[in-house]
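Chain by chain, the residues:
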Amino acid sequence: MQQHPDYQRYIGALKDEIAALRKERNAVILAHNYQRDEIQELADFCGDSLGLSKQAAKTDADVIVFCGVHFMAESAAILSPRKTVLLPVEEAGCPMADMIDVPRLRELKQQHPDATVVTYVNSSAAIKAESDVCCTSANAVKVVKSVDAKKIIFTPDKNLALYVSRFTDKEIIAYEGFCPTHILIHADAVKRVKAEHPKALFVAHPECLPDVIDIADYVCSTSGMYEFVKNSDASEFIIGTESGILYRLRKENPQKKFYLVSKHIICPNMKMTTLDWLAQSLRYMRFKVEVPEDIRVKAKKSLDRMLEVS
Ligand code: 13P
Ligand code: SF4
């Protein structure tokens, strides 16, 4: 769609301002793979939760602007306490992370005192602090296998827990959380798109429902999808995750074709960050994400254990 010249000028001015402020503040811009195209385009680093945590842990910038959702910025604040961590939109949260709270996790721990708690990074700092080790979608199987326990409380994503349980004999007690975006991917719809594009491989995120995982050709984190597509001999792919991933898939693989299971697979929270909010974040140094020191120290142990494993 043709943009009005005024709008083009406005966007150009915002981009210039972001570039200037980024330098002035010695800031690094991290963006999750589900962010809007224009945010991914100007980010210093795009990645999945694991990749972004690693970047946050090693950056020498003074300011980390986290274009993603709250738990991601919080992980950066836990790993880099001396840096200023900004989340451009204060309300950008993850509904799955909000499905669990400390009293409920404590109750589960009381019911299963011999279990180790493995917590998906899509969770608050307080939940991480109550856990033994964290995981992301990229390393969940590896983390669970690495744990020296027969019984695991896995929180908050039930579907990721069920996915992991396919690869281990350990008893997994799954918390009942889920991603409201990924459960919109239905197996029937996948089968329909497969019938339309019989040569296409179906790649799914492990937050998808079990019957969707059953029919996937490959299951991986968002960054795993870039690797898979790049190295695959196939030329067509059905993508079983949030639509933001298409930006880089198309850019990096112009000769390959991508089909979404449905155009409605969108995470509204991930899409809240716009160039305006990013510019304002750098302009006013907001919204600062901080974690109380006692919680931060405990949560960092769970994140560090995960980073050691991966
Ligand atoms: P990744 O770690 O695979 O990027 O997933 C994060 C997420 O929130 C998926 O919904
Ligand atoms: Fe949370 Fe799902 Fe959005 Fe990921 S896609 S941030 S799990 S709501």
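Residues numbered from 1 in each chain as written. Chains lettered and ligands numbered in written order. Predicted model: local features only at pLDDT ≥ 70, side-chain atom pairs only at ≥ 80, totals over all residues. Heavy atoms only, no water.

Q: I'd like to hear about the pairing of strand E5 (residues 116-120), residue by residue, with values.
A: With five of its five residues buried, E5 lies for the most part within the structure. Neither face of E5 is left uncovered, since the one carrying Thr116, Val118 and Tyr120 and the one carrying Val117 and Thr119 both have all their residues buried. Bridge count for E5 against strand E7 (residues 151-155) is four bridges, and the pairing is parallel. Of the residues in E7, the one forming a bridge with Val118 is Phe154. In this structure, E5 lies alongside strand E6 (residues 133-135), joined through three bridges in parallel fashion. In the strand pairing of E6, Tyr120 is matched with Cys135. (Buried < 20%, exposed > 50% of the residue type's maximum accessible area, 1.4 Å probe, protein only. Helix = DSSP H or I, 4+ residues; strand = E, 2+ residues; numbered from the N terminus. Pairing = 2+ DSSP bridges.)

Q: I'd like to hear about the site of ligand 1, residue by residue, with values.
A: The full set of residues close to ligand 1 is His32, Tyr34, Asp48, Ser49, Tyr120, Asn122, Ser137, His182, His205, Glu207, Ser221 and Thr222. Here an oxygen atom of ligand 1 and a side-chain polar atom of Ser137 are 2.7 Å apart. Between ligand 1 and the protein, one listed contact pairs an oxygen atom with a side-chain N or O atom of Thr222 at 2.6 Å. Against a free-state accessible area of 300 Å², the protein chains account for coverage of 96% of ligand 1. (Near = heavy atom within 4 Å. Polar contact = N/O pair within 3.5 Å; in protein donor to acceptor, adjacent residues only side chain to side chain. Areas by Shrake-Rupley, 256 points an atom, 1.4 Å probe, with all protein chains shown as cover.)

Q: Describe in detail the UniProt feature "binding site: iminosuccinate" (unreviewed entry) in the protein chain, supporting the description with residues and values.
A: UniProt marks His32, Ser49, Tyr120, Val121, Asn122, Ser137, His205, Pro206, Glu207 and Thr222 with the feature "binding site: iminosuccinate" (unreviewed entry), using the numbering shown here. Here, the largest cavity is lined by His32, Ser49, Tyr120, Asn122, Ser137, His205, Glu207 and Thr222 out of the annotated residues. Along the chain, the position of Val121 falls in the loop between E5 and helix H6 (125-129). Exposure remark for Val121: the relative accessible area of 2% places this residue in the buried category. Mapped onto the secondary structure, Pro206 falls in the loop between strand E9 (201-204) and helix H10 (210-214). Pro206 has contacts with Ser137, Asn159, Leu160, Tyr163, Ile213, Val219, Cys220 and Ser221, leaving out every residue within four places of it along the chain. (UniProt positions renumbered as here; feature names shortened; annotations may be inferred. 1 Å grid on protein atoms, 1.4 Å probe; cavity = no way out; pocket = protein on both sides within 12 Å on 5 of 7 lines; lining within 4 Å. Contact = heavy atoms within 4.5 Å.)

Q: Could you give me a rundown of the packing of helix H4 (residues 70-79) against helix H14 (residues 293-309), with the residues and numbers involved?
A: With their axes 9 Å apart at the nearest point, H4 and H14 run at an angle of 95 degrees to one another. As summarised for this structure, H4 and H14 are arranged roughly perpendicular, according to the angle between their axes. Across the interface between the two elements, Ser75, Ala77, Ile78 and Leu79 of H4 pack against Arg296, Ala299, Lys300, Leu303, Asp304 and Leu307 of H14. Of the residues contributing to the contact of H4 with H14, the split by class is six nonpolar, one polar and three charged. (Axes fitted to C-alpha atoms, helices over the stretch in contact; angles between N-to-C directions. Parallel < 35°, antiparallel > 145°, perpendicular 65-115°, else oblique. Nonpolar A, V, L, I, M, F, W, Y, C, P; charged D, E, K, R; others polar.)

Q: Outline the nonpolar core, supporting the account with residue identities and numerical values.
A: Ile64, Phe66, Val118, Phe154, Val164, Phe202 and Met306 are the most contacted members of the largest nonpolar core, which totals 68 residues. For this core, the element with the most residues is H4, which contributes seven residues. In contact with Phe66, not counting residues within four places along its chain, are Leu30, Leu52, Met72, Ala73, Ala76, Leu86, Leu87 and Pro88. Core analysis: the next-biggest nonpolar cluster, separate from the first, contains 19 residues, Leu14, Ala31, Ile39 and Leu86 among them. (Core = buried A, V, L, I, M, F, W, Y, C linked by side-chain atoms within 4.5 Å.)

Q: Tell me what's going on with the layout of surface pockets, and back it up with residues and numbers.
A: Of the pockets and cavities examined, the largest pocket occupies roughly 190 Å³. Lining of the largest pocket is provided by 13 residues; of these, Ser137, Ala138, Tyr163, Val219 and Cys220 occupy positions nearest its centre. Secondary-structure elements contributing two or more residues to the lining of the largest pocket are helix H7 (140-146) and strand E10 (218-219). The biggest single contributor to the lining of the largest pocket is H7, with three residues. (Points joined across faces, edges and corners; volume = space filled by probe spheres on them.)

Q: Give me the sheet that holds strand E8 (residues 171-174): which residues, what numbers.
A: What the four strands build is an open sheet, ordered E6-E5-E7-E8; its pairing is parallel. Pairing within the sheet leaves two strands with one partner each, and these edge strands are E6 and E8. The sheet shows a mean angle of 30 degrees between the axes of neighbouring strands, direction not considered. Bridge analysis of E7 against E8 gives four bridges, and the strand direction is parallel. Considered in E8, the bridge of Ile153 is made with Ile173.

Q: Residues and numbers for the site of ligand 2, please.
A: Taken together, Tyr34, Val69, Cys94, Pro95, Met96, Asn122, Cys179, Glu207, Cys267 and Met270 make up the full set of residues adjacent to ligand 2. In this structure, ligand 2 is accommodated by the largest cavity. Looking at side-chain class alone, the shell around ligand 2 contains eight nonpolar, one polar and one charged residues. (Sits in = over half its atoms within 2 Å of the grid points.)

Q: So what's going on with the pattern of salt bridges? Which residues, and what values?
A: Considering all chains together, one arrives at 15 salt bridges under this definition. With a closest N to O distance of 2.8 Å, Lys300 and Asp304 form a salt bridge. Remark: Asp304 and Lys300 occur in helix H14; sequence separation between them is four residues, near one turn of the helix. By relative accessible area, Lys300 is classed as partly exposed at 25%. (Salt bridge = Lys/Arg side-chain N within 4 Å of Asp/Glu carboxyl O.)

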